[in-house]
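Chain by chain, the residues run as shown.
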Amino acid sequence: MGRGKLRIYLGAAPGVGKTYAMLSEAHRRVERGTDCVVAFVEHHNRARTEVMLHGLEQLPRRELAYRGSLFTEMDVDAVLERAPAVALVDELAHTNVPGSRNAKRWQDVEELLAAGIDVVSTVNIQHLESLGDVVESITGVRQRETVPDEVVRRADQIELVDMSPQALRRRMAHGNIYKSDKVDAALSNYFRPGNLTALRELALLWVADRVDEYLTEYRTDHRVSKIWGSRERIVVGLTGGPEGRTLIRRAARLAEKGAGGEVMAVYIARSDGLTSASPKELAVQRTLVEDLGGTFHHVVGDDIPASLLDFARGVNATQIVLGSSRRKTWQYVFGPGVGATVARESGSDLDVHIVTHDEVAKGRGLPVARGARLGRSRIIWGWIVGVGGPVVLALLLNTVDLGLANDMLLFLTVTVAAALLGGLYPALASAAFGSLLLNYYYTPPLHRLTIADPKNIVAIAIFVGVAVSVASVVDLAARRTHQAARLRAESEILSFLAGSVLRGETSLEALLERVRETFGMESVALLERESDVAPWTCAGSVGPRPLVERPEDADVDMPVGDHMALALSGRVLPASDRRVLAAFAAQAAVVLDRQRLQHEADQAKELAEGNRIRTALLAAVSHDLRTPLAGIKAAVSSLRSDDVAWSEEDQAELLEGIEDGADRLDHLVGNLLDMSRLQTGTVTPLIREIDLDEVVPMALGGVPEDSVELEIPESLPMVAVDAGLLERAVANLVENAVKYSPADELVLVAASAMADRVEMRVVDRGPGVPDEAKDRIFAPFQRYGDAPRGTGVGLGLAVARGFAEAMGGTLNAEDTPGGGLTMVLTLQAVHSRPDLNTAVPAPAAERQAS
């Protein structure tokens, strides 16, 4: 059975109609006879959505008990046993209640897909993992429930459920999304028009990028070279000159005029010598285009216009921006230039913009001898001049008698011209043909191929020798210049490669993409194997249909050591390119090793941290846990002793000692367990809307009744917290404050609202903590000052901060005015999170202790 297909309804915000659209699709499929069931759909008490469930088979949910409450989740086993053709699974980013089969619902969906069941699901744009920071900057709310982008990108179909901000706010005002008591707070906070507009734009752009990926994949699979102007994509041709900044800014302005415009700056280093590009200027232009939201590309190509057009068509560009030529007027005799050639050969599917700038007609770095081997057109012209020039010259000289010496100089001039244009072979042909014409027409006896005067033999011999020498020198110069230009192009690429190392770019995929782009390949893969007989495995690849089986089957195979190879598909590279490719291959191996070493270093760091915690734990158990146990054992032994008749007061005192020791032991063990949960990332807060005055009084049970003063106004907004974790955190803070406060000073526990946060302050009048130690007191197994052993293992504050951060809050220490220490616990107010009407466990990534 093959893998199932995933269809996702993507929305910009809650309430746009994703679940409704999913259920409508389910009814259409059922009418067509498809076996479709509801695995898990949450209607949130929305009447119209609930009605859509009628007529659909709903599988029973699994009930789970957590912290004294009963929750329901999708029963994956029941869905697999039922094995429908299509399963409806709502809220793809949902975090399952602890005790579920998987931590995340998208992991449940992966199991269903692997079993061959098609899944239809829903997700909001703010739940995509890569957009967490962007959404937080827009709404001020950090999304706790996220789904990896790759899970959504792998979906077979993604359908955007769109709604204008005004329409969504009307739905909210009519009570179609949230209950009436939450409508005002939602409209004035999360569902503000600006927030909804920004989220809508984010969703549209994300879907547009996904559509663009589909289009690129389709064009590649079907080998479509004609440009489809589905969106404005502007390619800027850079020469490395200062005019590049002007071109980039002009392209950025053009991109802003079209929706979703994209700028791609490309610098083509060719073997036949572009101008003398400044590496510093290219670096500045690279930074500029990236700051403007574009991308920079470095490509090698022998023919600049052809390479530029190939690149533009390869990325499905719609426009090309080039600068006006820097050539002087007389330099146009060597050709029309890149801009004119690109404009002529661009066809009807590419618009070419020629932009003026301050460097126009100021000359190029290498105006004539451009540092290249001779092109095809120049060689043709060389043969025309080398063969046709002597004939034309002979016809002209037959009408004028200039003497043999002048005739030979004129024929030598034609030979030199043929050498300058076409190189060695046209010049040799011109010298041979010219010498025959000189002998036949101008050396006595005329019209015969014999020479009567020995002096004329010497003259013709000198003519041939000079012609051959000039031709050889010109050809040698062209070859040397070609080699220099080639080495220069290679050095530019290697310089960029070295720069990526210095910049710390360690992404293997990015490096392979650079290889594919530089050499114009379809796909690139890095293969490795453990031994000479072991099968090859793919360590990384880019491009469509990369070769992942044997490097020998690729168009280009570049070995890297004994058991690693770079496999390129697309075309066969000349031998001269393999030197640069070898450098890329070596760098790819280094990047792969660095990634693995970094992974091993991270694991070693985790192990070292675990060893440190275990060492500290053993130290704590050796004394801090033994002390209350010893006290309890001594009291129990005394009570059981028959040698002493204990009075009721003595018995009560011994029992009180046992109870105190047990309480201390329970507190210490509780902190140790909490710290271990934080270190292993298994703290799963169950976020609810709670009033502080319901939790804080319960946290004061471990301190004397007359040691704490509460100032918690009834007008405070509710907070989004886990009641149990908040109680433990506050209890640790208050116990720590009471421990260090003077006996005649009360610890103040006060709370106040600030914007979308609620601050709770635990204020003591103890000795305080200097600034350099304020962060250190939150580290596990730390006691400040001369606190004696036996007063705790130094975990109370570490546990409190870990719990606070697991709930999305913060905990910091400040100085109390007049002396002492103030612990500031900041929590999320509910009025800025209107969608918290259900329990929302936090993802594992946010459960780590400080």
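Up top you'll find the structure we're talking about.
An account of the accompanying structure is given in this report.

Rules of the game
Residues numbered from 1 in each chain as written. Predicted model: local features only at pLDDT ≥ 70, side-chain atom pairs only at ≥ 80, totals over all residues. Heavy atoms only, no water. Helix = DSSP H or I, 4+ residues; strand = E, 2+ residues; numbered from the N terminus. Buried < 20%, exposed > 50% of the residue type's maximum accessible area, 1.4 Å probe, protein only. Areas by Shrake-Rupley, 256 points an atom, 1.4 Å probe, with all protein chains shown as cover. Pairing = 2+ DSSP bridges. Expected span 1.5 Å × (residues − 1). Contact = heavy atoms within 4.5 Å. Core = buried A, V, L, I, M, F, W, Y, C linked by side-chain atoms within 4.5 Å. Salt bridge = Lys/Arg side-chain N within 4 Å of Asp/Glu carboxyl O. Patch = residues over 30% accessible without salt bridge, like charges linked within 9 Å, V, L, I, M, F, W, Y side chains within 5 Å. Lys, Arg positive; Asp, Glu negative; His and termini not counted. Charge placed at Lys NZ, Arg CZ, Asp CG, Glu CD. Axes fitted to C-alpha atoms, helices over the stretch in contact; angles between N-to-C directions. Phe/Tyr/Trp six-rings, centres within 6.5 Å; stacked < 30°, edge-to-face > 60°. Lys NZ or Arg CZ within 6 Å of the ring centre and 35° of its normal. Arc of directions from axis to C-beta.

### Digging into the overall build of the protein chain
Okay, so step 1: Along its length, the protein chain carries 23 helices and 25 strands.
Okay, so step 2: Looking at the protein chain as a whole, 46% of its 850 residues qualify as buried.
Okay, so step 3: Accessible surface, the protein chain: about 41500 Å² in total, of which carbon and sulfur atoms supply 55%.

### What to know about the pairing of strand S22 (residues 757-763)
Okay, so step 1: Counting buried residues in S22 gives five out of seven residues, a clear majority hidden from the surface.
Okay, so step 2: The sheet contact formed by strand S21 (residues 747-754) and S22 spans seven bridges and is antiparallel. Bridge pairing in S22 places Ala751 opposite Met760.

### What about helix H1 (residues 18-31)?
Okay, so step 1: An ideal rise of 1.5 Å per residue puts 20 Å on 14 residues; H1 measures up with 20 Å between its terminal C-alpha atoms.
Okay, so step 2: Where H1 is concerned, the buried positions are Lys18, Thr19, Ala21, Met22, Leu23, Ser24, Glu25, Ala26 and Arg29.
Okay, so step 3: On its buried face, H1 sits against strand S1 (6-11), strand S2 (36-40), helix H2 (47-52), strand S6 (86-89), strand S7 (118-124) and strand S8 (157-161).
Okay, so step 4: Of the residues one or two after H1, Gly33 is the one with positive phi, at around 95°.

### Quick look at the nonpolar core
Okay, so step 1: Ranked by internal contacts, the top residues of the largest apolar core, which has 64 residues, are Leu88, Leu92, Leu112, Val147, Phe191 and Trp206.
Okay, so step 2: Per-element tally for this core: the top contributor is helix H9 (residues 193-221), with six residues.
Okay, so step 3: Grouped together as the second largest cluster of nonpolar side chains are 43 residues, Val703, Leu726, Val758 and Phe803 included.

### Notes on the environment of Val763
Okay, so step 1: Looking at where Val763 falls in the secondary structure, it is placed in strand S22.
Okay, so step 2: In the structure, Val763 is positioned 58 residues away from Leu821 in sequence and 6.1 Å away in space, judged by C-alpha atoms.
Okay, so step 3: When neighbours within four sequence positions are excluded, Val763 is seen to be in contact with Leu746, Val747, Leu748, Thr816, Leu821 and Thr822.

### With respect to the pattern of salt bridges
Okay, so step 1: Here the structure, examined in full by the defined rule, presents 23 salt bridges.
Okay, so step 2: Residue Asp77 is joined to Arg101 by a salt bridge in which the shortest nitrogen-to-oxygen separation is 2.3 Å. Note that Asp77 is positioned in helix H3 (residues 76-82) and Arg101 in the loop between S6 and helix H4 (105-114), a separation of 24 residues in sequence.
Okay, so step 3: Relative accessible area serves as the criterion here: at 40%, Arg101 is assigned to the partly exposed category.
Okay, so step 4: Between Glu111 and Arg101 there is a salt bridge whose closest N-O contact spans 2.9 Å. Separated by ten residues along the polypeptide, Glu111 in helix H4 and Arg101 in the loop between S6 and H4 bring together distant segments of the chain.
Okay, so step 5: Residues participating in the shared-partner salt-bridge network are Arg7, Glu25, Arg28, Arg29 and Glu159.

### Some remarks on a positive patch on the surface
Okay, so step 1: Among the surface-exposed residues, Arg249, Arg250, Arg253 and Lys257 lie close enough to one another that they form a single positively charged patch.
Okay, so step 2: Using a relative accessible area of 71% as the deciding quantity, one classes Lys257 as exposed.

### Re a nonpolar patch on the surface
Okay, so step 1: Taken together, the side chains of Ile379, Trp383, Val387 and Tyr425 make up a nonpolar region of the molecular surface, amounting to roughly 390 Å² of accessible area.
Okay, so step 2: Topologically, Tyr425 is positioned in helix H16 (residues 424-442).
Okay, so step 3: Here Tyr425 falls in the exposed class, since its relative accessible area comes to 57%.

### Digging into the sheet that holds strand S23 (residues 810-815)
Okay, so step 1: What the five strands build is an open sheet, ordered S19-S21-S22-S24-S23; its pairing is mixed. In this open sheet, the two edge strands, each paired with only one partner strand, are strand S19 (708-711) and S23. Between one strand axis and the next, the sheet turns by 20° as a mean value, whatever way the strands run.
Okay, so step 2: The sheet contact formed by S23 and strand S24 (residues 821-828) spans six bridges and is antiparallel. Note that in S24 the partner of Asp815 across the bridge is Leu821.
Okay, so step 3: Set on the sheet, helix H23 (residues 796-806) makes contact with S23 and S24; between it and S23 the angle comes to about 130°.

### With respect to the pairing of strand S9 (residues 233-238)
Okay, so step 1: By the criterion of burial, S9 is predominantly enclosed, with six of the six residues buried.
Okay, so step 2: Side chains of S9 alternate between two faces, with Arg233, Val235 and Gly237 and Ile234, Val236 and Leu238 buried alike.
Okay, so step 3: Across six bridges, S9 lies against strand S10 (residues 262-269) in parallel orientation. Directly across from Ile234, in S10, lies its bridge partner Val263.

### A closer look at the environment of Asp706
Okay, so step 1: Relative to the helices and strands, Asp706 is located in the loop between helix H21 (692-695) and S19.
Okay, so step 2: Measuring from C-alpha to C-alpha, the distance between Asp706 and Leu746 comes to 7.6 Å, with 40 residues separating the pair along the chain.

### Thoughts on a negative patch on the surface
Okay, so step 1: Residues Glu648, Glu649, Asp650, Glu653, Glu656, Glu659, Asp660, Asp663 and Asp666 make up a contiguous surface patch of negative charge.
Okay, so step 2: With respect to the secondary-structure elements, Asp650 resides in helix H20 (residues 648-680).
Okay, so step 3: With a relative accessible area of 31%, Asp650 lands in the partly exposed category.

### Observations concerning unusual backbone geometry
Okay, so step 1: The backbone of Ala83 shows a phi angle near 50°, a positive value even though the residue is not glycine.
Okay, so step 2: Structurally, Ala83 is set in the loop between H3 and S6.
Okay, so step 3: Taking relative accessible area as the criterion, Ala83 reaches 47% and is therefore assigned partly exposed.
Okay, so step 4: With phi around 55°, Glu91 is a residue other than glycine that occupies positive phi space.

### Thoughts on the sheet that holds strand S12 (residues 319-323)
Okay, so step 1: Taken together, five strands build an open sheet; the order of strands is S11-S10-S9-S12-S13 and the sheet is parallel. Lying at the two open borders of the sheet, with one neighbouring strand each, are strand S11 (295-300) and strand S13 (351-355). The sheet shows a mean angle of 25° between the axes of neighbouring strands, direction not considered.
Okay, so step 2: Here helix H10 (residues 244-257) sits on the sheet in contact with S9, S10, S12 and S13, set at roughly 175° to S9.

### Topic: the packing of aromatic side chains
Okay, so step 1: A complete count under the given rule lists zero aromatic pairs for this structure.
Okay, so step 2: Here Arg61 stacks its cationic end above the ring of Phe40, 4.0 Å away from the centre of that ring.
Okay, so step 3: The positively charged end of Arg801 is found above the aromatic ring belonging to Phe778, 3.9 Å away from the centroid.

### Digging into helix H7 (residues 165-173)
Okay, so step 1: Residues of H7 that are buried: Pro165, Ala167, Leu168 and Met172. What you see down the axis of H7 is that its buried residues fit within an arc of 165°, all on one side.
Okay, so step 2: Residue Gly175 follows H7 closely and has a positive phi angle near 80°.

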